[in-house]
Amino acid sequence: SQQGEEDPQALSIQEGENATMNCSYKTSINNLQWYRQNSGRGLVHLILIRSNEREKHSGRLRVTLDTSKKSSSLLITASRAADTASYFCAPETSGSRLTFGEGTQLTVNP
Amino acid sequence: SAVISQKPSRDICQRGTSLTIQCQVDSQVTMMFWYRQQPGQSLTLIATANQGSEATYESGFVIDKFPISRPNLTFSTLTVSNMSPEDSSIYLCSAQYNEQFFGPGTRLTVL
């Protein structure tokens, strides 16, 4: 079964607003990684958060991890039209294997 | 971050033929992986490409259909054999450093 499950499936916001995407997973993880994919292209690595970390920042991105609830969230602040993409969380389990959910399709309207 | 390239970037193939996809990374890495992304869907891990030994396949994927080579620490190939239209997907390789980085993908269409 898939590990990462993102919520919501789709999110549409106005430029300048914040976007929050959630991820749930089922078993113990080594870390959790977030990726962005623009329409049918390769995955861009956004951020990695380790299982012993609770929060991590990178630019306009903020990721949280709650291992007791097996959940993570990705916050994009002050969104831009260029942030329009699909966002995936990928929990990492044994052997550095990543399992992906269906992703959240974010649309940022100018 | 790592620089990962794939060849070809896209191809259109006939049913019953095979296609080999190449993946090159710019620095040595122990672990490389191959994923498939079917149209409109998420990524599914096909296999771990092990250097010097046979690849480790995930459930639902077999070596006869997706043979993988890993001759050194910077290169791997994935072959999609005896293709059918259901194999039309984007195939991505990745490399595990501290983070796992992905190549740009190979978009395969099977007619």
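Now for a description of the structure that goes with this document. Everything quoted here is computed from the prediction, not taken from an experiment.

### Overview of the sheet that holds strand β1 (residues 4–7) of chain B
Residue and element names in this part refer to chain B. As summarised here, the arrangement of the four strands in space is β1-β3-β8-β7, forming an open sheet in which the pairing is antiparallel. The open sheet has two edge strands, β1 and β7 (68–72), and neither has a second partner. For this sheet, the mean angle separating the axes of adjacent strands, direction not counted, is 15°. The pairing of β1 with strand β3 (residues 19–25) spans four bridges and is classified as antiparallel. Residue pairing for β3: Ser-5 is matched across the bridge by Gln-24.

### Concerning the sheet that holds strand β9 (residues 85–92) of chain A
All names here are of chain A. The strand order across the open sheet formed by five strands is β2-β10-β9-β4-β5, and the pairing between neighbours is mixed. This sheet does not close on itself; its edge strands, each paired only once, are β2 (10–14) and β5 (43–50). On average, each strand axis in the sheet is tilted by 25° relative to the strand beside it, whichever way the strands run. Relative to strand β10 (residues 104–109), β2 is paired through five bridges, and the arrangement is parallel. Counterpart to Leu-11 in the pairing with β10 is Leu-106.

### What to know about the pairing of strand β7 (residues 61–66) of chain A
All names here are of chain A. In this structure, strand β6 (residues 55–58) lies alongside β7, joined through four bridges in antiparallel fashion. When the sheet's bridge partners are listed, Lys-56 is paired in β7 with Val-63. Relative to strand β8 (residues 71–76), β7 runs antiparallel, the two being bridged by six bridges. Counted as the bridge partner of Leu-65 is Ser-72 from β8.

### Notes on the packing of aromatic side chains
This structure, assessed with the given rule, holds nine aromatic pairs over all chains. Note on Tyr-35 of chain B and Phe-102 of chain B: the rings are 5.1 Å apart at their centroids and 50° apart in plane angle, and the pair reads as tilted. Here the residue Tyr-35 of chain B occupies a position in strand β4 (residues 31–37), and Phe-102 of chain B occupies one in strand β10 (residues 100–102), the gap between them amounting to 67 residues. Judged by its relative accessible area of 0%, Tyr-35 of chain B falls in the buried class. A residue is classified by how much of its surface remains accessible, and Phe-102 of chain B, at 9% relative accessible area, is buried. These aromatic residues form a ring-pair network of at least three members: Tyr-35, Phe-88 and Phe-100 of chain A together with Tyr-35 and Phe-102 of chain B.

### Considering the interface of chain A and chain B
On the side of chain B, 21 residues touch chain A, which itself brings 20 residues to the contact. Glu-58 of chain B is paired through a salt bridge with Arg-97 of chain A; the nearest N and O atoms lie 2.7 Å apart. Inspection of the chain A/chain B interface yields seven residue pairs in polar contact (both at pLDDT 80 or more). Listed by contribution, the elements that provide at least two residues to the side of chain A that touches chain B are β4 (31–37), β5 and β9 of chain A. Classifying every residue of the side of chain A that touches chain B gives six nonpolar, nine polar and five charged.

### Focus on the side chain of Gln-37 of chain A
Within the secondary structure, Gln-37 of chain A is located in strand β4. Within the structure, the side chain of Gln-37 of chain A is placed 2.8 Å from the side chain of Gln-37 of chain B, a separation counted as a polar contact. When neighbours within four sequence positions are excluded, Gln-37 of chain A is seen to be in contact with Gly-42, Leu-43, Ala-85, Ser-86 and Phe-88 of chain A together with Gln-37 of chain B.

What counts and what doesn't
Residues numbered from 1 in each chain as written. Chains lettered and ligands numbered in written order. Predicted model: local features only at pLDDT ≥ 70, side-chain atom pairs only at ≥ 80, totals over all residues. Heavy atoms only, no water. Pairing = 2+ DSSP bridges. Helix = DSSP H or I, 4+ residues; strand = E, 2+ residues; numbered from the N terminus. Axes fitted to C-alpha atoms, helices over the stretch in contact; angles between N-to-C directions. Phe/Tyr/Trp six-rings, centres within 6.5 Å; stacked < 30°, edge-to-face > 60°. Buried < 20%, exposed > 50% of the residue type's maximum accessible area, 1.4 Å probe, protein only. Contact = heavy atoms within 4.5 Å. Salt bridge = Lys/Arg side-chain N within 4 Å of Asp/Glu carboxyl O. Polar contact = N/O pair within 3.5 Å; in protein donor to acceptor, adjacent residues only side chain to side chain. Nonpolar A, V, L, I, M, F, W, Y, C, P; charged D, E, K, R; others polar.

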